[in-house]
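One-letter residues, chain by chain:
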Amino acid sequence: MEQLDPARPWGKGLIQDAKRTIFTHFVKEMTNFNQRTVAVSLLMFITVIAPTLTFGAIYGSSTEFHIGAVETIIATAWTGVFSSLFSGMPMCIVGSTGPVLIMTSVIYDLSKDIGVPFPQFYAWVSVCWMFVYTTVTAFFDLTRYVKLATRFTDDIFALLIVSIFILNAVGSPFRPVGLLRYFDPAKIVHVELKEEVGAPEEYSYVKTALLSILIGFAMTGTIFAVRSLKTCPFLCSQKVRDSFHDFAVTIAVIVWSSVKHLGFPSIETEQLKVPDAFEPTTYACCTANCTTYWPDDCPDATAPFGTRSWFAKMLDLDGHENAIFIAAGPAILSFLLFYLDNGITWHLIYSPQNNLKHGDSYNWDLFLNGLCNLINGILGLPWLVASTVPCMVHINKLAEKDMDGKVLNVQETRLTYLFSHLLVGLSLLFLPAMKQIPMPVLLGVFLFMGLSSLGGIDFWKRVLMFFQQPSLYAKTPATKYMKASRIHMYTVMQIIFFCGVFVVQNIKAIAIAFPFMTLMCIPGRLWLLPKFFEGWELMLLDGEAEEIEEWIEKKERAVNDLHMDEEDGI
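So, here's what we can say about the structure.

What counts, and where the lines are drawn
- For every chain, the first residue of its written sequence is number 1, and the numbers climb from 1 along that sequence.
- Predicted model: local features are reported for residues with pLDDT of at least 70 only, side-chain atom pairs are reported and counted for 80 or more only, and whole-chain, interface and lining totals are derived from all residues.
- Here the side-chain values reflect all heavy atoms present in the structure, with hydrogen atoms and water set aside.
- By definition, any uninterrupted DSSP run of H or I lasting at least four residues is a helix, any uninterrupted run of E lasting at least two residues is a strand, and each is numbered from the N terminus.
- Radius of gyration here is computed from C-alpha atoms only, and the compact-globule reference equals 2.2 Å multiplied by the residue count raised to the power 0.38.
- Exposure is judged per residue with a 1.4 Å probe applied to protein chains only, and the accessible area is read against the type maximum: over 50% gives exposed, under 20% gives buried, and values in between give partly exposed.
- Only heavy atoms enter the contact rule, under which two residues are in contact if any of them lie within 4.5 Å.
- Accessible surface area values rest on a Shrake-Rupley calculation with a 1.4 Å probe, where residue burial reflects the displayed protein chains alone.
- The rule for a salt bridge is simple: a side-chain nitrogen of Lys or Arg has to be within 4 Å of a carboxyl oxygen of Asp or Glu.
- To qualify as a nonpolar core, a set must consist of buried Ala, Val, Leu, Ile, Met, Phe, Trp, Tyr and Cys residues joined through side-chain atoms within 4.5 Å.
- Given the number of residues in a helix, its expected span is that number minus one, multiplied by 1.5 Å.
- For two strands to be treated as a pair, DSSP must find at least two bridges joining them.
- Pairing of N or O atoms within 3.5 Å defines a polar contact, subject to two protein rules: one partner must be a possible hydrogen donor and the other a possible acceptor, and residues neighboring in sequence count only if both atoms are side-chain atoms.
- By construction, the arc corresponds to the directions joining the helix axis to the C-beta atoms.
- Disulfide: a pair of cysteine sulfur atoms within 2.5 Å of each other.
- All axes are obtained by fitting lines to C-alpha atoms, using only the stretch in contact for helices, and the reported angles, taken between N-to-C directions, cover 0 to 180 degrees.
- Angular relationships are summarised with four words: roughly parallel below 35 degrees, roughly antiparallel beyond 145, roughly perpendicular across 65 to 115, and oblique for the angles in between.
- Should the near helix be turned counterclockwise from the far one by less than a right angle, the crossing is left-handed, whereas a clockwise turn marks it as right-handed.
- Pairing of aromatic rings covers Phe, Tyr and Trp, the last through its six-membered ring, and needs centres within 6.5 Å; plane angles under 30 degrees mean stacked, over 60 mean edge-to-face, and all others mean tilted.
- Comment: the charge-over-ring label is applied if NZ (Lys) or CZ (Arg) is within 6 Å of the ring centre and within 35 degrees of the ring normal.

1. Focus: the overall build of the protein chain
Piece 1. When its secondary structure is counted, the protein chain shows 24 helices and four strands.
Piece 2. Compactness check: the protein chain gives a C-alpha radius of gyration of 25 Å against a globular reference of 25 Å for 570 residues, within 12% of the reference.
Piece 3. Considering the protein chain as a whole, with its 570 residues, one finds that 53% of them fall into the buried category.
Piece 4. Relative to all contacts within the protein chain whose residues are 6 or more apart in sequence, the contacts with residues 24 or more apart total 80%.
Piece 5. Accessible area for the protein chain stands at about 25,300 Å²; split by element, carbon and sulfur atoms hold 66% of it.

Right under this line is the structure:
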């Protein structure tokens, strides 16, 4: 378990974080441009834009289009650019996440129950309360407590997020998304495609499903195949092989988008859903205050008044001024989600095993995240937090590793973060071109992101040990010094915690408790597991590399001393 540093309250932690990171390494991180910078920037653009648009569509259905694709693109672009320039941990990418989406849906339902317009209530939650909570937490260095989380909690959270990407790509049992879901004739996309064809009797959902699955899985396979060229003996030089490896995702997107449009033009597939114009997504308003909506609330009106204003009218609460104080309640839950979602992702990415040299800045980055989400709340844009899978993809693609997968060094740069989110913003200018990307292609990218991240999760590696021959286990300190049964027992307990978080996160009625379930993993590891395992066992399983190496040295020294004593006795 990581030992906490002395507290740095009254803003000292904020200032020290900024001095240690952005004020020390900013110039180097903004000038280390190379070929990999370009390749990773393009990869991160695709990695970010796919969930951005997907979440935008889900936000639209969850909030009756008070938040939609336009808002999600704008929030991701400006917050990403701002964070790339001013955050202390540029390896961590902000984005939309499932838990934050669920929390926003809960706040929307609450605003309807108390009779307050959602934009105003959402803004009060963001401005008056949640920003205050994040600022106070950063000011008094309370972010330090998230460092009590060990790899036990980090891996549970990482595998949870990775499972969301894989399930949403292949076919989720909890929501109608994924490649296999195209075989459902009732899927809404089939209705839409049938209308687009013009001749419904000629449309075949089976053909669409088969082609979508072919493109999606082939897309994932192509990315892995092209990336494998880096270590093959083919092509004329290592530089060429490295180029193919770096641009694998971009190449695969171009190839399989072309295959669809040139090889199967007569078979309809779901296309990327993007807005047609730069305006708020909210459907048309009956009046200037936009508290009623056309045509449902004003059927006699022949045309809508317009769309909502970009800025929330925070004082227009329809006579429910007590909503300002009611907002404090959901703001506490939202803050807890921000604290955990950001903190665990930061802890995972800035783990010593990733060999990052420029330091972390939990207080500074939490303050900036609260500030960005304050602005997003006023503008009616979605809240963003550190997004685990894009962060893992980002650091993996900037890392040099040895044959065993150990990170040797990482190109710590702000440029890939900056360029990728500038491209997200510029995508608003190229919406027609983006519509040409088939949705199965992006689902293939989703699947690649999930599968490529699995290898870096120790929890997943230990799950696989259940199905492996013991003599062929990977050589790790745990497998060398511990019995296999003890390792399996630890993994089973981790699976139990994972299942608890997974089930709560996917049952809508209780999904609001997701932050608490994740939080419970920390005391579970600190106080429950020591009742079943020795301290040295837990240290070998989820301790930091330095303390493991120190323990091994002491262990081997003790064994050598014992052998010497035995020889002297002889």
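From this point, things continue past the structure.
2. Describing the pattern of salt bridges
Piece 1. Following the criterion strictly, the structure yields 14 salt bridges and no others.
Piece 2. One salt bridge connects D458 with K461, and the closest N-O pair in it is separated by 3.9 Å. Of this pair, D458 and K461 are both found in helix α19 (residues 458–464), three residues apart, which corresponds to roughly one turn of the helix.
Piece 3. Among the charged side chains, a salt-bridge network with shared partners connects R8, D17, R20, D141, R144, K147 and D360.

3. A closer look at the nonpolar core
Piece 1. Within the largest apolar cluster, 146 residues are counted, with the highest numbers of intra-cluster contacts made by M219, V249, I349, W383, V410 and L529.
Piece 2. Broken down by element, the residue count for this core peaks at 13 residues, all from helix α13 (residues 328–349).
Piece 3. What V410 contacts, discounting residues up to four positions off in sequence, is M91, N354, L356, I395, L398 and A399.
Piece 4. Counting residues in hydrophobic clusters, the runner-up holds six residues, among them L14, A18, I22 and W364.

4. Some details on helix α4 (residues 69–86)
Piece 1. Compared with an ideal rise of 1.5 Å per residue, which puts 18 residues at 26 Å, α4 spans 26 Å between its outermost C-alpha atoms and is within 8% of the ideal.
Piece 2. For α4, the tally of buried residues reaches 14 of 18 residues, placing the bulk of the element in the interior.

5. Looking at the pairing of strand β4 (residues 407–410)
Piece 1. As defined by bridge partners, strand β3 (residues 399–401) adjoins β4 across three bridges and the pair is classed as antiparallel. Within β4, the position partnered with A399 by the bridge is V410.
Piece 2. Linkage of β3 to β4, two consecutive antiparallel strands, is achieved through a turn of five residues, within which G405 is found at a positive phi near 85°.

6. Remarks on the side chain of H394
Piece 1. Checked against the element boundaries, H394 lands in helix α15 (residues 388–397).
Piece 2. Given a relative accessible area of 0%, H394 falls into the buried group.
Piece 3. Within the structure, the side chain of H394 is placed 2.7 Å from the side chain of T416, a separation counted as a polar contact.
Piece 4. For H394, the residues in contact, after removing those within four places along its chain, are V40, M44, P90, M91, I93, T416 and Y417.

7. What to know about helix α2 (residues 22–31)
Piece 1. Of the residues making up α2, those classed as buried are I22, H25 and E29. For α2, the angular spread of the buried residues around the axis is 95°, confining them to a single face. Among the exposed residues of α2, those pointing more than 90 degrees away from its buried face are F23, V27, K28 and T31.

8. Let's talk about the state of the cysteines
Piece 1. Scanning the entire structure with this criterion turns up zero disulfides.
Piece 2. Cysteine C92 is unpaired, with the sulfur of C391 as its nearest cysteine sulfur at 4.5 Å.
Piece 3. For C92, a relative accessible area of 4% translates into the label buried.

9. Focus: the environment of I102
Piece 1. Following the sequence through the fold, I102 ends up in helix α5 (residues 98–114).
Piece 2. Sequence separation of I102 and Q505 is 403 residues, and the distance between their C-alpha atoms is 8.9 Å.
Piece 3. Each residue touching I102, except ones within four places of it in the same chain, is listed here: Q505 and A511.

10. Describing the environment of W346
Piece 1. As for its placement among the helices and strands, W346 is situated in helix α13.
Piece 2. Residue classification places W346 among the buried residues on the basis of a relative accessible area of 5%.
Piece 3. Remark: the alpha-carbon pair of W346 and D360, spanning 14 residues in sequence, is separated by 8.1 Å.
Piece 4. When sequence neighbours within four positions are dropped, the list of residues in contact with W346 reads M89, C92, Y362, D365, L366 and A386.

11. With respect to the packing of helix α11 (residues 248–263) against helix α18 (residues 439–454)
Piece 1. It is at 10 Å that the axes of α11 and α18 come closest, and there the two elements cross at 150°. It follows that α11 is roughly antiparallel to α18 by the angle criterion. The two elements α11 and α18 cross, and the hand of that crossing is right-handed. Counting all contacts with α11, which are made through V249, V253, W256 and S257, the residues of α18 involved are V441, V445 and F448.

12. Notes on the packing of aromatic side chains
Piece 1. One pass over the full model with this rule turns up 26 aromatic pairs.
Piece 2. When the centroid spacing of 5.6 Å and the interplanar angle of 85° are considered together, the rings of F338 and W383 count as edge-to-face. You can see F338 sitting in helix α13 and its partner W383 sitting in the loop between α14 (362–379) and β2 (385–386), a full 45 residues away along the chain. As far as burial versus exposure is concerned, F338 and W383 are alike and both buried.
Piece 3. With a centroid separation of 5.6 Å and an interplanar angle of 5°, the aromatic rings of W536 and W551 are classed as stacked. Taken together, the residues span a long stretch of sequence, with W536 in helix α23 (residues 535–542) and W551 in helix α24 (residues 545–569) at a distance of 15 residues.
Piece 4. The exposure class assigned to W536 is partly exposed, which follows from its relative accessible area of 32%.
Piece 5. Above the plane of the ring of Y145 lies R144, whose end atom (NZ or CZ) is 5.2 Å from the centre.
Piece 6. A cation sits over an aromatic face here: K187 above Y182, 5.3 Å from the ring centre.

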